[in-house]
Amino acid sequence: MADRKDRLGLRRSRRRRLVRRTAGAFVAVVAVVTGWLAMAPPELLRVGSAYSAKIVCSNVFVAYRDPAQVLAQDVQAPGHPLLKLMRIEVDRPNRLVKAGILGFFAQRIAVARDGLGCTVLPEGISAERLIELRAEQRPPETVATADALWPQGERTEAPADPALASVLDDPALTGPGMRAVVVVKDGRIVGERYGDGFDRETPLLGWSMTKTVNAAILGTLVKGGKLSLDQKRLFGDWRTDNRAGISIADLMGMRSGLAFDEDYGGVTDVTRMLFLERDMTSFAAAMPLARPVGQAFAYSSGTAMLLSRIWQDAVGDPDRALVTPRAGLFEPIGMRSAILETDAAGTFVGCSYLYATARDWARFGQFLLQDGSWGGRALLPDGFVAWMRSAAPGSGGEYGNGQLWLSGPSSTRAEDLRLGVAADAYWLIGHDGQTMTIIPSRRLIVLRLGLTPSSLGYKPQAMVVEIAKALSPP
């Protein structure tokens, strides 16, 4: 009996020591994390939480993805170490997402609005007030039907091409983190592939590919006579200083001369604008000149925000401006899934935040390939797309006049030519591996979307070259 009591006492003693050690380790970890967070810049913590809330909100309420998957794959996997500590809370009835370090440090909220996707809730503004901003949902002018061939509908009937299939099934060519590849030849989809968990119905974020779409929306206002590319004195504060000479064309070609730090490594102009500012355009418009107007190329997401505000103001009525992307571009060309998100001030985030299915992104590529016309109707001015893809002054031939690239990611035109990319190719390029290559001479579009940080070193040029060879063999 005594032996049994001794054994029970020994087990209880071991359990108590284990509990004490576990509790001690937990307290130590909390102390380390708390100390690290205390040393981290407060703005960096707020940026991290706002980024997390925004990405999860858009993917849940626009792309209809699982929030745990989005947190693990889109937020935590490729991100800064502090994002590993991010926790989220999804409130479906109120259509909002809360995110914070360990769930409560530096908490930020993103809210979903009808027709406008998600935006980060500015501090001091209620979710109810922000939700009042919404885009009227109207029946589409053109309805894609399942039995119509793409791009008018969703049906595809291209025969299986073994050479093309071998390219699309090669992960070394489609790249790590691939979520969608769509190949369009002569106006028809001839091949497509999707990553695990994604399909042709999944809206995907284009990041900076959005800039080219935003430029096309502005082009519809030029077509309507409401804007001209040589227009200057664009903002009130600019009219009395040396920024008065900046034209819309200067902004389109990224040669405004305005200061703007596009580095995504910390709290810079671009991350502050996207995740801390209520009114992104006012932030970008307040930048001083850093170089002469019209002479030097400098890539800037702030520039695209200025363009968004310019075309929205040209529409005149704010409510009508909110439906202009859909009425003026998305509906006419059948981009039914497209959602262009706004900031909290109601300005479309034309630098970064367009969600659309891969097939709808490819529709936009086909629209450009058709020189801005669809179904016999010109939506852009004559020669506008040709101007967009002509080299912007000061860019060294690498960037076009219309918010697009003339060379592929992390490359130059000379390097692309050596790789075998067609000389007339031009590119839409976005953060984390989003690309669309348009080759007019081949009547070819190659869209590739995914989650592929630049640190992985993936470049899509080899895939584009092999697809072109497969479809147009020597």
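Here we summarise the structure given alongside this text. Everything numeric in this text was worked out from a predicted model, so none of it was measured. (Residues numbered from 1 in each chain as written. Predicted model: local features only at pLDDT ≥ 70, side-chain atom pairs only at ≥ 80, totals over all residues. Heavy atoms only, no water.)

**Remarks on the overall build of the protein**
For step 1, the next point in the chain: Looking only at helices and strands, one finds 16 helices and 14 strands in the protein.
For step 2, the next point in the chain: Per-residue burial over the protein gives 54% buried out of 474 residues.
For step 3, the next point in the chain: Put simply, 61% of the contacts in the protein that link residues at least 6 apart link residues at least 24 apart.
For step 4, the next point in the chain: In the form shown here, the protein has an accessible surface area of approximately 20100 Å², with 53% of it arising from carbon and sulfur atoms. (Helix = DSSP H or I, 4+ residues; strand = E, 2+ residues; numbered from the N terminus. Buried < 20%, exposed > 50% of the residue type's maximum accessible area, 1.4 Å probe, protein only. Contact = heavy atoms within 4.5 Å. Areas by Shrake-Rupley, 256 points an atom, 1.4 Å probe, with all protein chains shown as cover.)

**So, the nonpolar core**
For step 1, the next point in the chain: One finds M273, L274, L329, F330, F364 and F367 to be the most contacted residues of the largest nonpolar core, which totals 110 residues.
For step 2, the next point in the chain: The biggest single contributor to this core is helix α2 (residues 42-61), with ten residues.
For step 3, the next point in the chain: Ignoring anything within four residues of it in the chain, the contact list for F367 reads A216, L329, I333, G372, S373, W374, L379 and L380.
For step 4, the next point in the chain: Membership of the second largest hydrophobic core comes to 22 residues, among which are V181, I429, V446 and Y458. (Core = buried A, V, L, I, M, F, W, Y, C linked by side-chain atoms within 4.5 Å.)

**Comments concerning the side chain of S308**
For step 1, the next point in the chain: Tracing the backbone through its elements, the reader meets S308 in helix α11 (residues 301-315).
For step 2, the next point in the chain: On the basis of relative accessibility, which here comes to 0%, the residue S308 falls in the buried class.
For step 3, the next point in the chain: Setting aside chain neighbours within four positions, we find S308 in contact with N214, T347, F348 and G350.

**Quick notes on empty space enclosed by the protein**
For step 1, the next point in the chain: Evaluated as defined, the whole model comprises seven cavities of 30 Å³ or more.
For step 2, the next point in the chain: Taken as a whole, the largest cavity spans an internal volume of roughly 180 Å³.
For step 3, the next point in the chain: Lining the largest cavity are 16 residues, with D74, R179, L205, W207 and L451 sitting closest to its centre.
For step 4, the next point in the chain: Sorting the residues of the lining of the largest cavity by element identifies α2, β7 (204-205) and β14 (444-450) as the ones contributing at least two each.
For step 5, the next point in the chain: For the lining of the largest cavity, the leading source of residues is α2, giving three residues.
For step 6, the next point in the chain: For the lining of the largest cavity, the residue count by class is nine nonpolar, three polar and four charged. (1 Å grid on protein atoms, 1.4 Å probe; cavity = no way out; pocket = protein on both sides within 12 Å on 5 of 7 lines; lining within 4 Å. Points joined across faces, edges and corners; volume = space filled by probe spheres on them. Nonpolar A, V, L, I, M, F, W, Y, C, P; charged D, E, K, R; others polar.)

**Overview of the sheet that holds strand β13 (residues 434-439)**
Sheet strands line up and pair through hydrogen bonds in the backbone, either parallel or antiparallel.
For step 1, the next point in the chain: Taken together, five strands build an open sheet; the order of strands is β6-β5-β14-β13-β12 and the sheet is antiparallel. Here the strands that pair on one side only, and so sit at the sheet edges, are β6 (188-194) and β12 (426-430). Averaged over all adjacent pairs, the angle separating strand axes in this sheet is 5 degrees, with direction ignored.
For step 2, the next point in the chain: The pairing of β13 with β14 spans five bridges and is classified as antiparallel. Within β14, the residue paired with I439 across the bridge is L444.
For step 3, the next point in the chain: Across the face of the sheet, helix α13 (residues 358-369) comes into contact with β5 (178-185), β6, β12, β13 and β14 while running at roughly 145 degrees to β14. (Pairing = 2+ DSSP bridges. Axes fitted to C-alpha atoms, helices over the stretch in contact; angles between N-to-C directions.)

**Considerations on the sheet that holds strand β3 (residues 105-113)**
For step 1, the next point in the chain: Strand order in the open sheet formed by four strands is β1-β2-β3-β4, with antiparallel pairing between adjacent strands. The open sheet has two edge strands with one neighbour each: β1 (86-91) and β4 (117-120). Each adjacent strand pair in this sheet contributes to an overall mean axis angle of 20 degrees, direction not counted.
For step 2, the next point in the chain: When strand β2 (residues 96-101) meets β3, the two strands line up antiparallel, connected through five bridges. If you follow V97 over to β3, its bridge partner there is A110.
For step 3, the next point in the chain: Against the sheet, α2 makes contact with β1, β2, β3 and β4, and its axis sits at roughly 30 degrees relative to β3, the strand it touches most.

**Comments concerning the state of the cysteines**
For step 1, the next point in the chain: Tallying each qualifying case throughout the model produces one disulfide.
For step 2, the next point in the chain: A sulfur-sulfur separation of 2.1 Å characterises the disulfide bridge that pairs C57 with C118. Across the S-S bond of C57 and C118 the torsion is about -75 degrees, and the bridge reads as left-handed. Here the residue C57 occupies a position in helix α2, and C118 occupies one in strand β4, the gap between them amounting to 61 residues. In this structure, C57 and C118 share a single accessibility class: buried. (Disulfide = S-S within 2.5 Å.)

**Focus on the packing of helix α7 (residues 210-223) against α11**
Describing two packed helices takes the angle between their axes plus the distance from one axis to the other.
For step 1, the next point in the chain: Running from N to C, α7 and α11 point in directions that differ by 25 degrees, and their axes come no closer than 10 Å. By the angle class used here, α7 and α11 are roughly parallel. Crossing handedness for the pair α7 and α11: left-handed. Listed contacts from α11 to K211, N214, I217, L218 and L221 of α7 are S301, A304, L307, S308, W311, A314 and V315. (Parallel < 35°, antiparallel > 145°, perpendicular 65-115°, else oblique. Left-handed = near helix turned anticlockwise from the far one by under 90°.)

**Quick notes on α2**
Quick reminder: α-helices carry 3.6 residues per turn. Residues three or four places apart thus point the same way.
For step 1, the next point in the chain: Taking 1.5 Å as the rise per residue, α2 with 20 residues should run 28 Å; its terminal C-alpha atoms sit 28 Å apart, in good agreement.
For step 2, the next point in the chain: For α2, the buried fraction is high: 16 of the 20 residues fall into the buried class. (Expected span 1.5 Å × (residues − 1).)

**Here we look at unusual backbone geometry**
For step 1, the next point in the chain: In this model, W150 is joined to P151 through a cis peptide bond whose omega is 15 degrees.
For step 2, the next point in the chain: Along the chain, the position of P151 falls in the loop between α4 (127-131) and α5 (162-168).
For step 3, the next point in the chain: For W207, which is not a glycine, the phi torsion comes out positive at approximately 45 degrees.
For step 4, the next point in the chain: Position of W207 among the secondary structure elements: in the loop between β7 and α7.
For step 5, the next point in the chain: Assessed through its relative accessible area of 10%, W207 is described here as buried.
For step 6, the next point in the chain: A positive phi is found at D371, a non-glycine position, where the angle reads about 60 degrees.
For step 7, the next point in the chain: Looking at the secondary structure, you find D371 in the loop between α13 and β10 (373-374).
For step 8, the next point in the chain: Of the residues examined, D371 reaches a relative accessible area of 49% and is grouped as partly exposed.

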